[in-house]
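Architecture at a glance
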Amino acid sequence: MLLFLTFIQTIFHYSFSQTTQNINVLLINEENNALAEKSFEVAKEYVRRNPSLGLAVDPIIVVGNRTDAKAFLENVCRKYTDMVSGKKPPHVVLDFTTTGVGSETIKSFTSALGLPTISGSFGQEGDLRQWRGLTSNQTQYLLQVMPPADLLPESIRAIVTKQGITNAAIIFDEFFVMDHKYKSLLQNIPTRHVITPVKSFSKDEIKTQLRSLRELDIVNFFVIGSLRTIKNVLDAANENQYFGRKTAWFALSLDKGDISCGCKDATIVYMKPTPDAKSRDRLGKVKTTYSMNGEPEITSAFYFDLSLRTFLSIKSLLDSGKWPNDMKYMSCDDYDGKNTPTRTLDLKTAFQEVKETPTYAPFFIPEDGSMNGRSYMEFTTDLSAVTIKDGASIGSKPLGSWKAGLSNPLTLTDPENMTDYSAQLVYRIVTLVQDPFIILDEDAPKGFKGYCIDLIEEIRKIVKFDYEITLVPDGSFGNMDENGNWNGIVKELMEKRADIGLSSLSVMAERENVVDFTVPYYDLVGITILMKLPRTPTSLFKFLTVLENDVWFSILAAYFFTSFLMWVFDKWSPYSYQNNREKYKDDDERREFTLKECLWFCMTSLTPQGGGEAPKNLSGRLLAATWWLFGFIIIASYTANLAAFLTVSRLDTPIESLDDLSKQYKIQYAPLNDSSSMTYFERMANIEIKFYEIWKEMSLNDSLSDVERAKLAVWDYPVSDKYTKMWQAMKEAGLPNTVEEAVARVRASKSSSEGFAWLGDATDVRYQVLTSCDLQMVGDEFSRKPYAIAVQQGSPLKDQFNNAILQLLNKRKLEKLKETWWNNNPKAVKCEKQDDQSDGISIQNIGGVFIVIFMGIGLACVTLGVEYWWYKWRKRAVIGDVTRVQPVKLSKNEISTNEGKKNENVSFRSRNLNLADLKRKF
């Protein structure tokens, strides 16, 4: 029996030894990649302990410095030459170099000598410069598989795309190579980003680095590296107080553990790889049985699988007879740059068909085309949100996963939850109160309302962001001083204390040199004049103000004096009616000019009704004619002056343009201090001065000929100095510092022809006129400029806002904003229409006439009452009935009147008569 077992063992050993393939491997590695070499040793040990694989690996290992390419190549060539001369040429070159000139040197070495190579270097398609121009045959035996550290950064692209992130800082450590990803990682994605290595492990230096990134307005931070690196960066961010809703933090690592930091209150989205379910048992067995304990675990597994798969691929080619029998090798010295051997080796297919169970995750190898830059370990990462408070992790919330790939998206358990872990785009807006564009309102959500607030709200619906708005500290839009220093909104943007300048900010050439402007959101706005509205003074008794009081008193005096003289003349003239009753007894008009009748006659003579019967005596008639002439002149003068007085008072418009304002001196004028209007007038004045200096230099230039000098000889200065004089007048008047101060000075004007006029933006002037009835806008606009939103120079907000504003313009939203804040402004007032020259006399100026007539009617009514009372109710003496009346002695006139009645009987009917009646009668 023992003999039989020995025989069987001998036969088995003989049979096994016949199928074992000896594989010569040239392993080329870097000094800082010891983990790869250790995994290779584990793979070699795995082959040795598993004789069923039928492999025997005979490696030659070369380790070099990635920065010293020459020494590295010399060492590789020496080892390679030794292998060829020793009749053990390498079946395959395992290239574990990662990046840099050393790695590119190895690629050049293997392609030049036609050596079958499998590389684990970093780099996507086209990144390996020495393998870019490979022939179709070469792509079958010069193969590259990207390591996990080259795939994990691709998850950043998936996160950025999913979250719609517009800015990002990607910080990595020495375990990752990002040189080739500066352009490709976020290519064709509108995300402003910075990729930078961690400067050091010093917390202070990391704090400074983070601070410089934050100054670039970056709010999304990706830290990709070891757990130690992540902790250092998070601790520095905690001390800089960079956690909160305004920032988002993402940590990516190949390590197995959980992240930790001394953060006070932070939530970090953490991504780490996890082995496939089918590979976990094998991974555990390899780790325990073969001591594969290198970290990161996934990296060790990658190099182990890459090495083992390479061994099995070569064995497959050898066993199948597909390995060329005439495989020729040439030394480095024999290569002349053109004599690269031609290979017909299909190592790619053999590598792809290996059925060995993966240790961590399967390899992805494309079916067609080259493997280089397209093959990788297809591992899976877990995505979770880790909350840390006071340095301790208090919870981890699963968010989803990501499968390694060059363009694979995130797989989220709840897509809505992911939005909670992105930084809110909170832009800092600096503004200046300017009705109706920016209005302070404590009840408004952001503390402000107005045209610009509605505009930014419409923009944020398109661009998706939030904002904080504050007032500019110095209350200025932004002007440059003599030293080139800026103030106001422009300064805040230049010094990056604000992201957006939002107000009625004019686009100016010098401002465009230091900040960027969006497309205009408002029409061209010029400068115009604000003045006090001329008010025509009204008075119900304005018709009495046509003549001065002295004239009225003189007319009254003339009236009473003439009436008195007329009474005197009628009383004493022997030709008057009362002194010649017999002479005028047959006249139809017999008027006795008592004092009362004289007063009545002179009064009615001034009216169209006339005074009635004139005096009979010549002196009285002469006096009446004089009074009539006097009255005619007075009435004519009064009528003419009344019409002129009412018309001239409505023609008081002394200023109608800027030229009118510059030619007078009674009205002071000035723009706001440090405003664009001030800049305009100051510059225009300086330009005039410059022109004068140029003209003077030309005129006094001795080098000119007599003919040329004669052409410059003029009596007057040929260029206007209007703005020079205006600027001087403005400085003398004093420039107001605020709109309120300017409007107050305008309102304090005595009239429209004396006081103060404010020169400001037409929108400011128009709003003041809109909200008050005592101001007016005078003249046409000049120096027109558009309003636009200002952003930091080079800010991506410019393009985003441009797109949004153009959309709003196409949707006519900007017109609706104008309608809201101008035509339908709640502060707009309705003013009474001012009289113009075509209007008639208003009731305010002529109403006193009606008061006079009503007063006259009232006085007549009172007089009627007095008369009635006098007649009806006054106690009077009564004479009883009489049947006989004593004869009364009659005057001559009465006797002559009754001569024709001598023969008639005279009889009287008795009636009641009082004494007053008797006296008046007799």
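About the cut-offs
Residues numbered from 1 in each chain as written. Predicted model: local features only at pLDDT ≥ 70, side-chain atom pairs only at ≥ 80, totals over all residues. Heavy atoms only, no water. UniProt positions renumbered as here; feature names shortened; annotations may be inferred. Patch = residues over 30% accessible without salt bridge, like charges linked within 9 Å, V, L, I, M, F, W, Y side chains within 5 Å. Areas by Shrake-Rupley, 256 points an atom, 1.4 Å probe, with all protein chains shown as cover. Salt bridge = Lys/Arg side-chain N within 4 Å of Asp/Glu carboxyl O. Helix = DSSP H or I, 4+ residues; strand = E, 2+ residues; numbered from the N terminus. Buried < 20%, exposed > 50% of the residue type's maximum accessible area, 1.4 Å probe, protein only. Pairing = 2+ DSSP bridges. Axes fitted to C-alpha atoms, helices over the stretch in contact; angles between N-to-C directions. Contact = heavy atoms within 4.5 Å. Expected span 1.5 Å × (residues − 1). Phe/Tyr/Trp six-rings, centres within 6.5 Å; stacked < 30°, edge-to-face > 60°. Parallel < 35°, antiparallel > 145°, perpendicular 65-115°, else oblique. Left-handed = near helix turned anticlockwise from the far one by under 90°. Nonpolar A, V, L, I, M, F, W, Y, C, P; charged D, E, K, R; others polar. Lys, Arg positive; Asp, Glu negative; His and termini not counted. Polar contact = N/O pair within 3.5 Å; in protein donor to acceptor, adjacent residues only side chain to side chain.

You'll find the protein chain entered in an unreviewed UniProt entry as Ionotropic receptor 25a, with Pieris macdunnoughi given as the organism. The UniProt entry for the protein chain carries this comment under Sequence similarities (unreviewed entry): "Belongs to the glutamate-gated ion channel (TC 1.A.10.1) family." Per UniProt, the protein chain carries the Subcellular location (unreviewed entry) text "Cell membrane".

1. Points about a nonpolar patch on the surface
Taken together, Val862, Val866, Tyr868, Trp869, Trp870 and Trp873 make up a surface patch of nonpolar side chains, about 760 Å² in accessible area. Locating Val866 in the fold gives a position in helix H27 (residues 843-872). Given the relative accessible area of 47%, Val866 is considered partly exposed.

2. So, the pattern of salt bridges
As enumerated under the stated definition, the model contains 37 salt bridges in all. Note that Asp58 and Lys88 form a salt bridge whose closest N and O atoms lie 3.4 Å from each other. Residue Asp58 is located in strand S2 (residues 55-64), and its partner Lys88 is located in the loop between helix H3 (69-85) and strand S3 (92-95); the two are separated by 30 residues in the primary sequence. Arg428 is the salt-bridge partner of Asp499, the closest N and O atoms lying 3.1 Å from each other. Linking Asp499 in the loop between helix H14 (488-494) and strand S20 (500-502) with Arg428 in strand S16 (residues 426-431), this pair joins segments that are 71 residues apart in sequence. Exposure remark for Asp499: the relative accessible area of 7% places this residue in the buried category. What you see here is one network of salt bridges that share partners, running through Arg245, Lys246, Lys446, Glu457, Arg460, Asp466 and Glu468.

3. Some thoughts on the sheet that holds strand S19 (residues 466-471)
The five strands lie next to each other as S19-S16-S20-S26-S21, forming an open sheet whose pairing is mixed. With partners counted over all chains shown, the strands left at the sheet margins are S19 and strand S21 (515-517), one partner each. Looking at each pair of strands side by side, their axes are set apart by 30 degrees on average, direction ignored. As defined by bridge partners, S20 adjoins strand S26 (residues 790-792) across two bridges and the pair is classed as antiparallel. Bridge assignment links Gly501 to a residue of S26, and that residue is Ala790. Each of S16, S19 and S20 touches helix H13 (residues 451-463); the most contacted strand, S19, lies at about 160 degrees to it.

4. Concerning the pairing of strand S6 (residues 167-172)
With six of six residues buried, S6 is to be regarded as a mostly interior element. Relative to strand S7 (residues 192-197), S6 runs parallel, the two sharing six bridges. What sits directly across from Asn167, in S7, is Arg192. One ladder, built from four bridges, connects S6 with strand S8 (residues 220-224); its direction is parallel. For Phe172, the partnering residue across the bridge sits in S8 and is Ile224.

5. Side note on helix H20 (residues 676-699)
Between its first and last C-alpha, H20 extends 34 Å over 24 residues, near the 34 Å set by a 1.5 Å rise per residue. Those residues of H20 that fall on the buried side of the exposure criterion are Ser676, Ser677, Met678, Thr679, Tyr680, Phe681, Ala685, Glu688 and Ser699.

6. Quick word on the packing of aromatic side chains
Aromatic rings in a pair are described by how distant their centres are and how their planes are angled relative to each other. Taken as a whole, this structure holds 30 aromatic pairs when the rule is applied. Between Phe221 and Trp249, the aromatic rings sit 4.5 Å apart at their centres with planes inclined by 10 degrees, giving stacked as the arrangement. Residue Phe221 is found in strand S8, and its partner Trp249 is found in strand S9 (residues 248-252); the two are separated by 28 residues along the sequence. Ring centres 5.5 Å apart and planes at 85 degrees place the aromatic pair Phe437 and Tyr787 in the edge-to-face group. Linking Phe437 in the loop between S16 and strand S17 (439-440) with Tyr787 in strand S25 (residues 775-787), this pair joins segments that are 350 residues apart in sequence. One exposure class covers both Phe437 and Tyr787, and it is buried. These aromatic residues form a ring-pair network of at least three members: Phe96, Phe302, Tyr303, Phe351 and Phe363.

7. Let's talk about the packing of helix H2 (residues 34-49) against helix H10 (residues 297-320)
Between H2 and H10, the shortest axis-to-axis distance is 8 Å and the interhelical angle comes to 50 degrees. Accordingly, the angle class assigned to the pair H2 and H10 is oblique. Classified by chirality, the crossing of H10 by H2 is right-handed. When H2 is examined against H10, the residues Leu35, Ala36, Ser39, Phe40, Val42, Ala43, Lys44, Tyr46 and Val47 are found in contact with a partner set consisting of Thr299, Ser300, Tyr303, Phe304, Ser307, Leu308 and Phe311. Tallied by class, the residues present in the contact of H2 with H10 amount to 11 nonpolar, four polar and one charged.

8. Side note on the sheet that holds strand S23 (residues 667-670)
Strand order in the open sheet formed by four strands is S23-S24-S22-S25, with mixed pairing between adjacent strands. Single-partner strands in this sheet number two, and they are S23 and S25. The sheet shows a mean angle of 20 degrees between the axes of neighbouring strands, taken without regard to direction. Here strand S22 (residues 522-532) pairs with strand S24 (residues 755-761) via four bridges, running antiparallel. Bridge assignment links Thr528 to a residue of S24, and that residue is Gly760. Of the strands in this sheet, S22, S23, S24 and S25 touch helix H23 (residues 739-747), which is tilted by about 145 degrees from S24.

9. As for the side chain of Arg511
In this structure, Arg511 sits in helix H15 (residues 509-512). This buried residue, Arg511, is left without a salt bridge; Glu510 holds the nearest opposite charge, at 5.7 Å. Polar side-chain contacts of Arg511 include one of 2.8 Å to the backbone oxygen of Ser506. Look past the residues within four positions of Arg511 in its chain and what remains in contact with it is Phe477, Gly478, Asn479, Trp486, Val490, Leu505, Ser506 and Phe517.

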